[in-house]
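Each chain is listed here by its residues.
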Amino acid sequence: MSEHDAGLPVPYMERTRHYYRALGYETDYVWAHHDDVPFARLAKPLRESTIALITTAGPPDLSNRDARNRKHVWSGEVAQPPATFDTDVAWDREATHTDDRETFLPIDAMKRLVAEGAIGALSPRFHGAPTDYSHRKTIEEDAPEILRRLREDKVDAALLTAL
């Protein structure tokens, strides 16, 4: 019986430290924290809002990577999401898998919520947020690019689902 079968919590932070050490980073990953969180109440009811999905999964063709193999923000069509996703990212492969796209990109669940009237609409695009060791890159490059795309899509709110 594994520790997960026994109902024990996954030691995610410890595993992440070990993972980055194995990659050769000399200092431990420092978890981001913000005293002033940039969240806000919705300007209108959820049933009237357009929601976008953001995932940390990468595209199957690795097209979000540049010549130096650096990951960048990417977008896909909700109507035609990839059948598979980049598995070249770290996640707890003992506790989960990527066979069920809904666990990290819940398009079908969101469509049901739209049909039920709980959500006004689902944005036609979803967006991919790169997972990087660099807080600076996330804050200065990736987050502003995702925000630009969300504004371009005229969404009211976004739901981040991590792989």
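Residues numbered from 1 in each chain as written. Predicted model: local features only at pLDDT ≥ 70, side-chain atom pairs only at ≥ 80, totals over all residues. Heavy atoms only, no water.

Quick notes on the side chain of D142
Consideration 1: Within the fold, D142 resides in helix α3 (residues 135-152).
Consideration 2: On the basis of relative accessibility, which here comes to 5%, the residue D142 falls in the buried class.
Consideration 3: Residue contacts for D142: discarding those within four places in its chain leaves V73, P130, D132 and K137. (Helix = DSSP H or I, 4+ residues; strand = E, 2+ residues; numbered from the N terminus. Buried < 20%, exposed > 50% of the residue type's maximum accessible area, 1.4 Å probe, protein only. Contact = heavy atoms within 4.5 Å.)

Here's the deal with the pairing of strand β4 (residues 125-128)
Consideration 1: By the alternation rule, side chains of β4 split into R125 and H127 and F126 and G128, which are all buried.
Consideration 2: By the bridge criterion, 2 bridges tie strand β1 (residues 50-55) to β4 in an arrangement that is parallel. Residue pairing in the sheet places T55 in a bridge with G128 of β4.
Consideration 3: As judged from the 4 bridges shared by strand β2 (residues 74-77) and β4, these two strands associate in the antiparallel manner. Across the sheet, residue S75 finds its bridge partner in β4, namely H127. (Pairing = 2+ DSSP bridges.)

Some remarks on the packing of aromatic side chains
Consideration 1: Inspection of the entire model under this criterion finds 3 aromatic pairs.
Consideration 2: Arranged with centres 5.6 Å apart and planes meeting at 75°, the rings of Y20 and Y25 form a pair that is edge-to-face.
Consideration 3: Taken together, a centroid distance of 5.4 Å and an interplanar angle of 90° make the contact between W74 and F126 edge-to-face. A residue pair is termed long-range when its members are at least 10 positions apart, and W74 in strand β2 and F126 in strand β4 qualify at 52 residues. The pair formed by W74 and F126 is uniform in burial state, with each residue classed as buried. (Phe/Tyr/Trp six-rings, centres within 6.5 Å; stacked < 30°, edge-to-face > 60°.)

Let's talk about the pattern of salt bridges
Consideration 1: Taken as a whole, this structure holds 13 salt bridges when the rule is applied.
Consideration 2: Put simply, R125, E145, R148, R149, E152 and D153 are held in one network by salt bridges that share partners. (Salt bridge = Lys/Arg side-chain N within 4 Å of Asp/Glu carboxyl O.)

A closer look at the environment of P106
Consideration 1: Structurally, P106 can be placed in the loop between β2 and α2 (107-116).
Consideration 2: For P106 and I54, which are 52 residues apart along the polypeptide, the C-alpha to C-alpha distance reads 9.8 Å.
Consideration 3: Look past the residues within four positions of P106 in its chain and what remains in contact with it is L53, R101 and T161.

Description of the confidence of the model for the protein
Consideration 1: Averaged over all residues, the pLDDT of the protein is 85; the fraction at 70 or higher stands at 88%.
Consideration 2: Looking over the protein, one finds the lowest element-wise mean pLDDT in helix α1 (residues 12-22), namely 81, and the highest in strand β3 (residues 121-122), namely 98. (pLDDT = per-residue confidence, 0-100.)

What about the environment of M110?
Consideration 1: Structurally, M110 can be placed in helix α2.
Consideration 2: Considering only alpha carbons, one finds M110 and A121, 11 residues apart in sequence, at a separation of 8.7 Å.
Consideration 3: With residues near it in sequence (within four places) discarded, M110 still touches I51, L53, I119, L122 and L159.

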